[in-house]
Amino acid sequence: MLKSVRTLVTASLLLAGTAASAAETVKLALIDPLTGPMAAAGQPAFEHLKLEAERINANGGLNGAKLEIVGLDNKVNPQESLVQLQKAINDGIQLVTQGNGSSVASALITSVEKHNRRNPGKEVLYLNYAAVDPAFTNERCSYWHFRFDANADMKMNALTNYIASNEDIHKVYLINQDYSFGHAVSKSAQEMLKQKRPDIEIVGNDFHPLAKVKDFTPYVSKIQASGADAVISGNWGQDITLLVKAAAEFGLKAPFYTYYGASSGVVTQLGDKGVDRIYQINEYYGDFEDPEMAKKQVEMYEKTGWDFYYLRLSTMLDMLKAAADKAGSTDPKDLAKALEGLSIETPTGEVTMRAEDHQIQLPMFISVMKDGMKYGAEGTDYNFHKVAEIARDDVTLPTTCRMRRPN
């Protein structure tokens, strides 16, 4: 009789444990601007993550655990970001993601490293989807940081190859935000153009405060006076929207080669004035040739009012799921180990998380704003049409990372 009771108790405990495991929820905190002037960069990312988390959960979640997205507003402020990081940690969240602002990313990398050294067994994993300062996967690489976007140098290498092939371009103007990322864009543009097209003259190199400029007309006037044939900018958020809007209103004819020219608000601000003038280097484009991608664009716009802009966020969650399923765990230490060297198939081909520096290797595309697009952005007929594809191996650059791994 006693043996039967013990057996029943043991079975009950096992069933309870199985049910608890099945009902487990893993939270991923997004630390990004959700209010203020840069919210148009953070809000679509938040909505994208929530929508894609539904897909992940419908397909078994993370090793059986439900994925929940938690939005934490940092107002693109490094100090506020650290407050939000601590809030996430206090709430038991061990997975964080962020993308808007390398100054924020820099603070998060340092803080996560410090926390993990002091709190073994309670590690936090930082998934970076858009902060692209090259240092983060070179001299400042961290075991607890994984980047799911090409870094600034990888993007500039592809962009300058395209510019160098255009024999009509002889004068280039650089305009970027005045912090580490903007300076990295400027530096790599100058170095790469000098190497690939030494005849190209850099006729201007301006830096402006992040998210502070309301009228870019004075900058556009300088660009016009310089006689520039082309403009290169890494601006994002309201800074790219207001910059290209001012250029259009001023009548500047020089094309813009950008990192984030397809950001929310650009096509509605420019209309016809942006056609054949605004270029972007990105991991996808607005043709949506892949049927599943087209379906996601339609679904996301109908449900959220935002376009399917961040393919890299879908890739990030797919890789997170693959790592959790591979490791049989959602513990950050196990996830980090499983992510290293992981490859998955995406709508653009195979991508790999390079183990050496935790920098994703992926194909990239250059696109230009066009009218009459089948899948228009922001409810318009405008979107970005592919003009060049760069294979993954051609996007890849070497790294100087010397990573310190935990014992």
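Use the structure listed above.
Conventions we followed
- Residues numbered from 1 in each chain as written.
- Predicted model: local features only at pLDDT ≥ 70, side-chain atom pairs only at ≥ 80, totals over all residues.
- Heavy atoms only, no water.
- 1 Å grid on protein atoms, 1.4 Å probe; cavity = no way out; pocket = protein on both sides within 12 Å on 5 of 7 lines; lining within 4 Å.
- Points joined across faces, edges and corners; volume = space filled by probe spheres on them.
- Helix = DSSP H or I, 4+ residues; strand = E, 2+ residues; numbered from the N terminus.
- Nonpolar A, V, L, I, M, F, W, Y, C, P; charged D, E, K, R; others polar.
- Axes fitted to C-alpha atoms, helices over the stretch in contact; angles between N-to-C directions.
- Parallel < 35°, antiparallel > 145°, perpendicular 65-115°, else oblique.
- Left-handed = near helix turned anticlockwise from the far one by under 90°.
- Contact = heavy atoms within 4.5 Å.
- Pairing = 2+ DSSP bridges.
- Phe/Tyr/Trp six-rings, centres within 6.5 Å; stacked < 30°, edge-to-face > 60°.

A look at the layout of surface pockets
- As a volume, the largest pocket reaches approximately 510 Å³.
- If you go around the largest pocket, you meet 40 residues; those closest to its centre are Ala262, Ser263, Ser264, Tyr309 and Tyr310.
- Only helix H2 (39–58), strand E10 (278–282), helix H10 (291–304), helix H11 (311–327) and strand E15 (383–390) provide two or more residues apiece to the lining of the largest pocket.
- Of the residues that constitute the lining of the largest pocket, the class distribution is 24 nonpolar, 13 polar and 3 charged.
- In this structure, the second largest pocket is lined by 20 residues; those nearest its centre are Glu113, Arg117, Ser142, Trp144 and Arg404.
- Here the lining of the second largest pocket takes 5 residues from helix H4 (residues 102–118), the largest share from any one element.
- Of the residues that constitute the lining of the second largest pocket, the class distribution is 7 nonpolar, 4 polar and 9 charged.

Quick word on the packing of helix H5 (residues 152–164) against helix H6 (residues 180–196)
- Taken N-terminus to C-terminus, the directions of H5 and H6 make an angle of 40 degrees; their axes are 9 Å apart at the nearest point. By the criterion of interaxial angle, the relationship of H5 to H6 is oblique. For the element pair H5 and H6, the recorded crossing hand is right-handed. Each of Ala152, Asp153, Met156, Asn157, Thr160, Asn161, Ile163 and Ala164 in H5 lies in contact with H6, whose residues at this interface are Phe181, Ala184, Val185, Ser188, Ala189, Met192, Leu193 and Lys196.
- Looking at the contact of H5 with H6 residue by residue, the classes come out as 10 nonpolar, 4 polar and 2 charged.

Section: the sheet that holds strand E6 (residues 171–177)
- A sheet is described by the order of its strands in space; here 7 strands give the open sequence E7-E6-E8-E9-E10-E14-E15, paired in mixed fashion. Each of the sheet's edge strands pairs with one partner strand only, and the pair in question is strand E7 (201–208) and E15. Direction aside, neighbouring strands of the sheet carry axes that sit 20 degrees apart on average.
- Pairing between E6 and strand E8 (residues 230–233): 3 bridges, direction parallel. Within E8, the residue paired with Val172 across the bridge is Ala230.
- Along the sheet, helix H8 (residues 238–250) makes contact with E6, E7, E8, strand E9 (256–258) and E10, crossing E9 at roughly 170 degrees.

Focus on the packing of aromatic side chains
- Taken as a whole and judged by the stated rule, the model has 15 aromatic pairs.
- Pairwise contacts between aromatic rings join Tyr284, Tyr285, Phe288, Phe365 and Tyr375 into one cluster.

Geometric descriptors of this kind do not, in isolation, establish any biological role.
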